[in-house]
Amino acid sequence: MGESLRVEIERILPGGVGLAHAQGKTVFVSLAAPGDELRVQVEREQGNVLFASVVEVLTPSPVRVEPPCPYFGRCGGCDFQQLTYEAQLAAKAEIISDCLQRIARLDHVPAITVHPSPNEWRYRVRATWQIDQETREIGYYERGSRRVCDVEYCAVLMPELQQTLEQVRATAWSEFPPELKHLDAVAGENNVSLSPSFANFETNELSLRVGNESYQYNAESFFQINPALLPELLEFALTGASGETALDLYCGVGLFTLPLSRRFANVTGVEANPVATRFARRNLQQADFKNARVVTATVAGWMRANSQTTGGVDFVLLDPPRAGAESIVIKGILELRPLRISYVSCDPATLGRDLKKLIAGGYEIQAIAGFDLFPQTHHVETVVLLRRNSSN
Ligand SMILES: C[S@@+](CC[C@H](N)C(=O)[O-])C[C@H]1O[C@@H](n2cnc3c(N)ncnc32)[C@H](O)[C@@H]1O
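This section reports on the structure supplied with the text.

Reading guide: rules and limits
Residues numbered from 1 in each chain as written. Predicted model: local features only at pLDDT ≥ 70, side-chain atom pairs only at ≥ 80, totals over all residues. Heavy atoms only, no water. Pairing = 2+ DSSP bridges. Helix = DSSP H or I, 4+ residues; strand = E, 2+ residues; numbered from the N terminus. Near = heavy atom within 4 Å. Polar contact = N/O pair within 3.5 Å; in protein donor to acceptor, adjacent residues only side chain to side chain. Areas by Shrake-Rupley, 256 points an atom, 1.4 Å probe, with all protein chains shown as cover. Nonpolar A, V, L, I, M, F, W, Y, C, P; charged D, E, K, R; others polar. Buried < 20%, exposed > 50% of the residue type's maximum accessible area, 1.4 Å probe, protein only. Arc of directions from axis to C-beta. Axes fitted to C-alpha atoms, helices over the stretch in contact; angles between N-to-C directions. Contact = heavy atoms within 4.5 Å. Salt bridge = Lys/Arg side-chain N within 4 Å of Asp/Glu carboxyl O.

## Topic: the sheet that holds strand S5 (residues 37–46)
Alright, step 1. Overall, mixed pairing links the six strands, which are arranged S1-S5-S6-S4-S3-S2 in an open sheet. Lying at the two open borders of the sheet, with one neighbouring strand each, are strand S1 (4–8) and strand S2 (11–12).
Alright, step 2. Sheet topology places strand S4 (residues 25–30) next to strand S6 (residues 49–59); five bridges connect them, and they run parallel. Bridging from a neighbouring strand, Val-29 pairs with Ala-52 of S6.

Okay, structure coming up:
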């Protein structure tokens, strides 16, 4: 048992933890609300930082609510259910600002709006379910551990996916491949796709309309979790985008490649996953875009191979995974000297790191917005529009 402390939560930090101070130390408290007075228990200490969990809410914050999910606290999935939705959005705006200030070292951080999700619950079209065949549990990892939290009902899954979770759970254990440890599931307009396929579950090909475009994909390729907010995100990310040549780096099945193909004479998408590039090419073909091509390669590898041959580029959109863009990718973008860059990020910390380099390389921020693709969690999608300095 660690030490017990009485603390007041000052604000929410990147990573979703509450910040407090006690005994001259910084205290990070999980599942807290700003303004809470709490009795917490220290779980571990690292230098001057204590990591703690809530034992008792002494005086609840005005933005604290009762988390509706019975797995809250144990399941590692949703760590913001204790906050009103408005407080979740405010915390996410602060998380983005914090990363821009501390990591990107912006002198002046503009006020940040986080666009709300049309649905606060039942929004997820994609999930990974963990499976422990020894304990016969199916669900998500528990907080801070690799133990599986057995979940019968997940309040953020869209109904079709919840139904599939129930069907998977109802399947006889003898039908599960012995080595199966997790399942990727994704829903489309008319069906659900699972990877790997087993028993009666297939890796079906799905389709979904977003804005003016139609996309096909399956559970082996990436698709954004919360499609209801995508039209707004696409519109913002492509603000003022038009010209001769555009690049779509980390393009997946072509979410941005298709609308870019309406706006630019030549578009190149680069993506490492061959399943995703197969769908991206098909999506372009079905929309009859002949001005775009999709390359199966890592973005770093493609940059290395093409740095001498890629001519003038007007616009670069990049949407990397959480780790952000590799140094060589940022270097390659700076060498291409596009007029505009649109950076779509699911991790404000790595975004801050990469923005610092882009700004040092001659770009200035035109606009920033957050999009709440992940309600009930501390995760947030950020889009930053950059323009080459006129002196550069
Ligand atoms: C955040 S997703 C974005 C996909 C797409 N832009 C979308 O919005 O649907 C990141 C994508 O990068 C791909 N990826 C991950 N590492 C990569 C790399 N080193 N080079 C190229 N693609 C990569 C993943 O397969 C995934 O499709």
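The rest of the description comes next.
## Some remarks on the site of the ligand
Alright, step 1. Residues in close proximity to the ligand total 17 residues, the closest being Gln-224, Tyr-250, Glu-271, Val-299 and Asp-319.
Alright, step 2. At 3.0 Å from a nitrogen atom of the ligand is found a main-chain nitrogen or oxygen belonging to Val-299.
Alright, step 3. Here the ligand, which alone exposes 590 Å², has 86% of that area covered by the protein.
Alright, step 4. Its residues assigned to classes, the shell around the ligand comprises ten nonpolar, four polar and three charged.

## A closer look at helix H6 (residues 299–306)
Alright, step 1. Among the residues of H6, Val-299, Ala-300, Trp-302, Met-303 and Asn-306 are the ones counted as buried. Projected down its long axis, H6 shows its buried positions confined to an angular sector of 165 degrees, all on one face. Residues of H6 that are exposed and angled more than 90 degrees away from the buried face: Arg-304 and Ala-305.

## Re the sheet that holds strand S10 (residues 148–150)
Alright, step 1. The strand order S10-S9-S8-S11-S12 describes an open sheet built from five strands, whose pairing is antiparallel. Bordering the open sheet on either side are S10 and strand S12 (192–195), each of which pairs with just one other strand. Across the sheet, the mean angle separating the axes of adjacent strands is 40 degrees when strand polarity is ignored.
Alright, step 2. Where strand S8 (residues 126–132) lies against strand S9 (residues 137–141), three bridges are found, and the strand directions are antiparallel. Its bridge partner being in S9, Asp-132 is matched across the sheet by Glu-137.
Alright, step 3. In the packing of helix H2 (residues 159–170) onto the sheet, the strands contacted are S8, S9, S10, strand S11 (182–187) and S12, and the crossing angle to S8 comes to about 15 degrees.

## Description of the pattern of salt bridges
Alright, step 1. Tallied over the full model, the rule gives 17 salt bridges.
Alright, step 2. Arg-102 is the partner of Asp-98 in a salt bridge, and the nearest nitrogen-oxygen pair spans 2.5 Å. With a gap of four residues between them, Asp-98 and Arg-102 both fall in helix H1 (residues 85–102), about one helical turn apart.
Alright, step 3. Residue classification places Asp-98 among the buried positions, given a relative accessible area of 8%.
Alright, step 4. Close ionic contact of Arg-387 with Glu-364 constitutes a salt bridge, the shortest N to O distance being 3.3 Å. You can see Arg-387 sitting in strand S21 (residues 381–388) and its partner Glu-364 sitting in strand S20 (residues 363–371), a full 23 residues away along the chain.
Alright, step 5. With relative accessibility at 35%, the residue Arg-387 sits in the partly exposed group.
Alright, step 6. Members of the salt-bridge network, linked through shared partners, are Arg-11, Asp-98 and Arg-102.

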